[in-house]
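Topology and contacts: notes
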Amino acid sequence: MPKLGMEPIRKDALVKATIVEIGRVGSLDVTVSQIAKRAGMSSALAHHYFGSKEDMFLAAMRHVMTIYGAEVRGALEAAEGPEGRIRAILRANFSPGNFRREAVGAWLNFWVLAQTVPEAKRLLAIYQGRLRTNLIVALRPLAGARAVDIAESLGALIDGLYLREVLKSGAPDGKAAVAIALRHLKAELARGA
């Protein structure tokens, strides 16, 4: 078996430390030194692996999105029927792995980063496009022509629930967030065409 080497291990530690520090501080105003210290290494080594703080932020964003994507795919594989697919998507968005304090704080700050960093904007556009597509595919058999509008409102609601969560104290309540989204979905479907 090939030897893994220290670079991927250290990069992974830096990515995870970046997410924790952004979540802890609540902004992108973290230093490479803070991130490196949390990861148990020097700032020079952190710069060696990533080059810049922005590159660390982007790697952290990719990591969060990879976890999110894997959870959504897994949830969709187990889902039955259109409504089951929607429930699976919502549960994955608000799962303990995705809807934890550090990840919520990281998402909020990635939205901020996307305002000025083209690569961050591109990554968020990929996330939004996949979420929209997954919702539309699940909604089409239930809502017909209204599927696109309902998908847009559910996407906005998901983002809004993340934004509200970052302003609260205590552990995020994913079950409550899913319940809110399902109430919205039920009301939209009841409206009909």
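These numbers come from a predicted model, not from an experiment.

**Points about the packing of aromatic side chains**
Inspection of the entire model under this criterion finds 8 aromatic pairs. Summarising the aromatic geometry, the rings of F99 and Y162 are spaced 4.9 Å apart at their centres and angled 70° between planes, so their arrangement reads as edge-to-face. One end of the pair, F99, is in the loop between α5 (81-93) and α6 (101-113); the other, Y162, is in helix α8 (residues 147-167), with 63 residues separating them in the sequence. Among the residues examined, F99 registers a relative accessible area of 4% and is labelled buried.

**Some details on the pattern of salt bridges**
Inspection of the entire model under this criterion finds 13 salt bridges. Of the charged contacts, one joins K16 and D12 as a salt bridge, the two residues approaching to 3.0 Å between their closest N and O atoms. You can see K16 and its partner D12 sitting in helix α1 (residues 6-25), 4 residues apart, about one turn around the helix. Residue E21 pairs with R38 through a salt bridge whose shortest N-O separation is 2.4 Å. Residue E21 is located in helix α1, and its partner R38 is located in helix α2 (residues 32-39); the two are separated by 17 residues in the primary sequence. Judged by relative accessible area, which is 3%, E21 ranks as buried. Residues joined in a network through salt bridges with shared partners are E21, R24 and R38.

**Focus on the environment of R146**
With respect to the helices and strands, R146 occurs in the loop between α7 (118-143) and α8. Assessed through its relative accessible area of 12%, R146 is described here as buried. Between the C-alpha atoms of R146 and E188, which are 42 residues apart in sequence, the distance is 9.0 Å.

**With respect to α8**
Helix length check: α8, at 21 residues, gives a terminal C-alpha distance of 31 Å against a target of 30 Å (1.5 Å per residue), a fit within 8%. Considered for burial, the residues of α8 that qualify are A147, I150, A151, L154, G155, I158, D159, L161, Y162 and E165. Next to the buried residues of α8 lie α5, α6, α7 and α9 (174-191).

**Concerning the environment of N134**
Relative to the assigned elements, N134 resides in helix α7. Classification of N134 as partly exposed rests on a relative accessible area of 22%. Between the C-alpha atoms of N134 and I89, which are 45 residues apart in sequence, the distance is 7.7 Å. Those residues in contact with N134 that sit more than four places away from it in its chain are V72, L76 and I89.

**Description of the side chain of N93**
The topology assignment puts N93 in helix α5. Given a relative accessible area of 1%, N93 falls into the buried group. Among the polar contacts listed, one links the side chain of N93 to the side chain of Y68, at a separation of 3.3 Å. With sequence-adjacent residues up to four places away left out, N93 is seen in contact with Y68, N98, F99, Y127, L131, I158 and Y162.

**What to know about the packing of α1 against helix α4 (residues 53-78)**
Geometrically, a packed helix pair is captured by the angle between its two axes and the distance between the axes. Two elements in contact, α1 and α4, have axes whose closest approach is 9 Å; the angle formed by their N-to-C orientations is 90°. Classified by the angle between their axes, α1 and α4 sit roughly perpendicular to one another. On α4, the residues touching D12, V15, K16, T18, I19 and I22 of α1 are M56, F57, A59, A60, H63 and V64. Taken together, the residues of the contact of α1 with α4 break down into 8 nonpolar, 2 polar and 2 charged.

Rules of the game
Residues numbered from 1 in each chain as written. Predicted model: local features only at pLDDT ≥ 70, side-chain atom pairs only at ≥ 80, totals over all residues. Heavy atoms only, no water. Phe/Tyr/Trp six-rings, centres within 6.5 Å; stacked < 30°, edge-to-face > 60°. Helix = DSSP H or I, 4+ residues; strand = E, 2+ residues; numbered from the N terminus. Buried < 20%, exposed > 50% of the residue type's maximum accessible area, 1.4 Å probe, protein only. Salt bridge = Lys/Arg side-chain N within 4 Å of Asp/Glu carboxyl O. Expected span 1.5 Å × (residues − 1). Contact = heavy atoms within 4.5 Å. Polar contact = N/O pair within 3.5 Å; in protein donor to acceptor, adjacent residues only side chain to side chain. Axes fitted to C-alpha atoms, helices over the stretch in contact; angles between N-to-C directions. Parallel < 35°, antiparallel > 145°, perpendicular 65-115°, else oblique. Nonpolar A, V, L, I, M, F, W, Y, C, P; charged D, E, K, R; others polar.

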